[in-house]
Amino acid sequence: MRRIIYPLVLVLLLLTGLHETFAQKGQISGTLTDSSGKQPVAYATITVFTAQDTSIVTYRMSDEAGKFKVPGLPVNKPLRAVITATGFDVWRQEFTLTAENNQLEVPAIKMIPNIQELEEVLVVSERPPVVVRKDTIEFNASAFKTLPTALV
């Protein structure tokens, strides 16, 4: 009996794996530019989520020319593409790929700049009173109170 069950289970696992291998996949591609349409937006992150539960399907980055291609997307499932880049607003689009139309070529996406001006930045630093480095001990003299007439 065991001689029949083990080969049968092995065949079923192989068939399941082959089904997944030959299952249709889709892709989304396009080009990112700034709002003027002249400069490409390089190294932007393109993330594809499932629309129902927002779990990540996959993600890619745009190249130096602002072009991107995200392959291996499931078909007949509502998806959401989210594109983020430093200094630009987030771009979102929902789509569904089908078996007949499994590739989505997005027209040139013009990313809108998102620049926020800070009023003032103040950086405050403080040296520690004692620093130990291997065989040397450094003392920050201004960290210790002494009398004005004290001698060192």
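Just so it is clear, the model here is predicted, and its values are computed rather than measured. (Residues numbered from 1 in each chain as written. Predicted model: local features only at pLDDT ≥ 70, side-chain atom pairs only at ≥ 80, totals over all residues. Heavy atoms only, no water.)

Novice: Sorry, what's going on with the sheet that holds strand β5 (residues 78-84) here?
Specialist: Sheets are built from strands paired through backbone hydrogen bonds, the pairs being either parallel or antiparallel. Strand order in this open sheet of 4 strands is β3-β2-β5-β6, and the pairing throughout is antiparallel. A strand with exactly one partner marks an edge of an open sheet, and here the two such strands are β3 (56-61) and β6 (91-96). For this sheet the average axis-to-axis angle between neighbouring strands, irrespective of direction, equals 20°. Looking at chain direction, strand β2 (residues 45-50) and β3 are connected through 5 bridges and run antiparallel. (Pairing = 2+ DSSP bridges. Helix = DSSP H or I, 4+ residues; strand = E, 2+ residues; numbered from the N terminus. Axes fitted to C-alpha atoms, helices over the stretch in contact; angles between N-to-C directions.)

Novice: Please clarify how the pairing of strand β10 (residues 136-139) should be interpreted in this entry.
Specialist: Across a regular strand the side chains alternate sides, sitting on one face of the sheet and then on the other. Pairing geometry for strand β9 (residues 130-133) and β10, over 4 bridges, is antiparallel. Considered in β10, the bridge of Val132 is made with Ile137. Here β9 folds back onto β10 in antiparallel fashion, the turn holding 2 residues, of which Lys134 has a positive phi close to 45°.

Novice: It is not clear to me how the nonpolar core should be interpreted in this structure. Could you clarify?
Specialist: Side chains of a nonpolar character, in soluble globular proteins, are inclined to be buried together. Core analysis: the largest hydrophobic core is formed by 19 residues, its most contacted members being Ile28, Leu32, Phe68, Leu73, Ile83 and Phe95. When contributions to this core are tallied by element, the ones reaching two or more residues are β1 (25-34), β2, β4 (67-74), β5 and β8 (109-111). With sequence-adjacent residues up to four places away left out, Ile28 is seen in contact with Val48, Phe68, Lys69, Val70, Leu73, Ala81, Phe95, Leu104 and Val106. (Core = buried A, V, L, I, M, F, W, Y, C linked by side-chain atoms within 4.5 Å. Buried < 20%, exposed > 50% of the residue type's maximum accessible area, 1.4 Å probe, protein only. Contact = heavy atoms within 4.5 Å.)

Novice: Any chance you could explain the pattern of salt bridges here in plain terms?
Specialist: Pairing of side chains with opposite charge becomes possible as their charged atoms draw close. In this structure the tally under the stated criterion is 2 salt bridges. Taking the shortest distance from any N to any O, the salt bridge between Glu94 and Arg80 comes out at 2.6 Å. Remark: Arg80 occurs in strand β5 and Glu94 occurs in strand β6; sequence separation between them is 14 residues. Across the salt bridge formed by Arg133 and Glu138, the nearest N and O atoms sit 3.5 Å from each other. A residue is classified by how much of its surface remains accessible, and Glu138, at 30% relative accessible area, is partly exposed. (Salt bridge = Lys/Arg side-chain N within 4 Å of Asp/Glu carboxyl O.)

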